[in-house]
Amino acid sequence: MKMLEYEAKPIFSTYGIPVPKGVLIRAPEEVTAHLPEFGDSVVMKAQVDVGGRGKAGGVLFADATSAVRTARELFSREIKGIPVKEILVEERLPIEHEYYVSIAIDRSSKQPVILFADAGGVEIESDVTAVRKVVVSPLLRDIPPFLMRELLGGAPKELAPVINSLYHVFQEKDAMLAEINPLVTTPRGVYAADAKLIVDDNALARQGIEVNRDLSEREREAERHGFSYVELDGTIGVIGNGAGLTMSTLDLIEYYQGRAANFLDVGGGADQERVKHAVRLVASMPKVSVIVVNLLGGITRCDEVAKGIIAAGVTPPVIVRMAGTNEEEGRRLLSECGYRMLESMDAAVKAAMEARS
Ligand code: GDP
Ligand code: MN
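Definitions and limits used
- Residues numbered from 1 in each chain as written.
- Chains lettered and ligands numbered in written order.
- Predicted model: local features only at pLDDT ≥ 70, side-chain atom pairs only at ≥ 80, totals over all residues.
- Heavy atoms only, no water.
- Donors = N, O, S within 2.8 Å, 3.2 Å for Na, K, Ca; no water.
- Helix = DSSP H or I, 4+ residues; strand = E, 2+ residues; numbered from the N terminus.
- Buried < 20%, exposed > 50% of the residue type's maximum accessible area, 1.4 Å probe, protein only.
- Axes fitted to C-alpha atoms, helices over the stretch in contact; angles between N-to-C directions.
- Parallel < 35°, antiparallel > 145°, perpendicular 65-115°, else oblique.
- Left-handed = near helix turned anticlockwise from the far one by under 90°.
- Contact = heavy atoms within 4.5 Å.
- Nonpolar A, V, L, I, M, F, W, Y, C, P; charged D, E, K, R; others polar.
- Disulfide = S-S within 2.5 Å.
- Near = heavy atom within 4 Å.
- Polar contact = N/O pair within 3.5 Å; in protein donor to acceptor, adjacent residues only side chain to side chain.
- Areas by Shrake-Rupley, 256 points an atom, 1.4 Å probe, with all protein chains shown as cover.
- Salt bridge = Lys/Arg side-chain N within 4 Å of Asp/Glu carboxyl O.

Caption draft 1: Summary view of the coordination of the manganese ion (ligand 2). At 2.1 to 2.2 Å from the manganese ion (ligand 2) lie its protein donor atoms, namely N181 (O) and D194 (OD). One end of the pair, N181, is in strand β11 (residues 175-186); the other, D194, is in the loop between β12 (189-192) and β13 (196-199), and 13 residues separate them in sequence. Since its relative accessible area comes to 12%, N181 is described here as buried. The class for D194 is buried, based on a relative accessible area of 18%.

Here's what the structure looks like:
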């Protein structure tokens, strides 16, 4: 789950990383009361979950006289399509130099990888030539000095403790990504001018986070039932058992130039209740005009599946392809209730293509 900047900065600060003084506001007038804390000059940063806010007009500078006006302006904007509801107002730092540092998991070595660049800021993605990289064993509590030297190159040594603290954040917060861009030097010392933290979804309970905000209501519902579920942008709902069978159903829809609305794998041994929940979940997407259920009966019994589909009682047509245990009984139940059950996956997908719209 992604933390917003205003949530990540206090966490970084707890680990000893200096961050600018700041306050979160939800209305332009709220800024007035806080201005005396920040000096003559402030930065206003839209708290929206997108990268590159600076370039997209989500970071504005103001002084005491223009602060309310600037806040009003920023609240009226959409940053990459997302309306601004919260603004982090901060003291403006007298930046001397901007650096980049991030820690993520390196998939090939399966260890934390630290990236550092002498030129951070908003252009970092277009200039990756100057990035240095080290891999650290997760068994180490601190970044060893020889690796820190390799990372920093000629950059000031005073950045080292901040990077080491960021490594502690990364480890203890079960992070997928901990990033400071820009990490800045000022006459008053080093600061994290921006902060990004993504917590591993599998560690939310351990981190005391109850709700994964990054999931939609439906994705949360799917998680509760233990379905593997992903929303896509088409109109044909898909339910399968087993990732392979579900994926090949999606492939076949693409092959016939249709667009799937989702991926949903109910998993093994799907009983009546699970199937009912799966069908209702997919049908609850307003864009879904038809649902393809493609199941292989083994542990899963086709008559149970049929009962689940019938019990769901959804509006969009449900086209079924099932094979295996109790197939005939399943077919009988479905046809009694007016559902179509087809012999092959190919026939089912073709039928769905005709039934949509
Ligand atoms: P991002 O574009 O979403 O990554 O937003 P950032 O928080 O990184 O801000 C973008 C840019 O605004 C930074 O790279 C800085 O150049 C500038 N900036 C942000 N905060 C300050 C500040 O306190 N002082 C100054 N002078 N510049 C800032
Ligand atoms: Mn940034």
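Caption draft 2: Structural detail: the packing of helix α7 (residues 243-255) against helix α11 (residues 345-355). Put simply, α7 and α11 touch, their axes get as near as 10 Å, and they point 50° apart. Here α7 is positioned oblique relative to α11, judged by the angle of their axes. For the element pair α7 and α11, the recorded crossing hand is right-handed. Where α7 abuts α11, its residues L245, S248, T249, L252 and I253 lie against M345, D346 and V349. Residue classes in the contact of α7 with α11 are distributed as 5 nonpolar, 2 polar and 1 charged.

Caption draft 3: Region of the structure containing the state of the cysteines. Applying the stated criterion to the full structure yields 0 disulfides. Not part of a disulfide, C302 finds its nearest cysteine sulfur in C337, a span of 16 Å. A residue is classified by how much of its surface remains accessible, and C337, at 41% relative accessible area, is partly exposed.

Caption draft 4: Up close: the site of ligand 1. Every one of the 17 residues lining ligand 1 counts as a neighbour, but K45, R53, G54, L93 and E98 are closest to it. One nitrogen or oxygen atom from the side chain of R53 is found 2.8 Å from an oxygen atom belonging to ligand 1. L93 is positioned with one of its backbone polar atoms (N or O) 2.9 Å from an oxygen atom of ligand 1. The protein chains hide 87% of the 570 Å² of surface that ligand 1 would expose on its own. Of all the secondary structure elements, the ones that give two or more residues to the shell around ligand 1 are β3 (41-46), β4 (59-63) and β11.

Caption draft 5: Quick look at the pattern of salt bridges. Counting across every chain of the model gives 27 salt bridges. A salt bridge links E91 to R188; its shortest N-O distance comes to 3.3 Å. Of the two residues, E91 is situated in strand β7 (residues 87-91) and R188 in the loop between β11 and β12; the sequence distance between them amounts to 97 residues. Judged by its relative accessible area of 8%, E91 is buried. In this structure R188 comes out as partly exposed when scored by relative accessible area, which is 47%.

Everything listed here is a matter of coordinates, which is why it stays silent on function.
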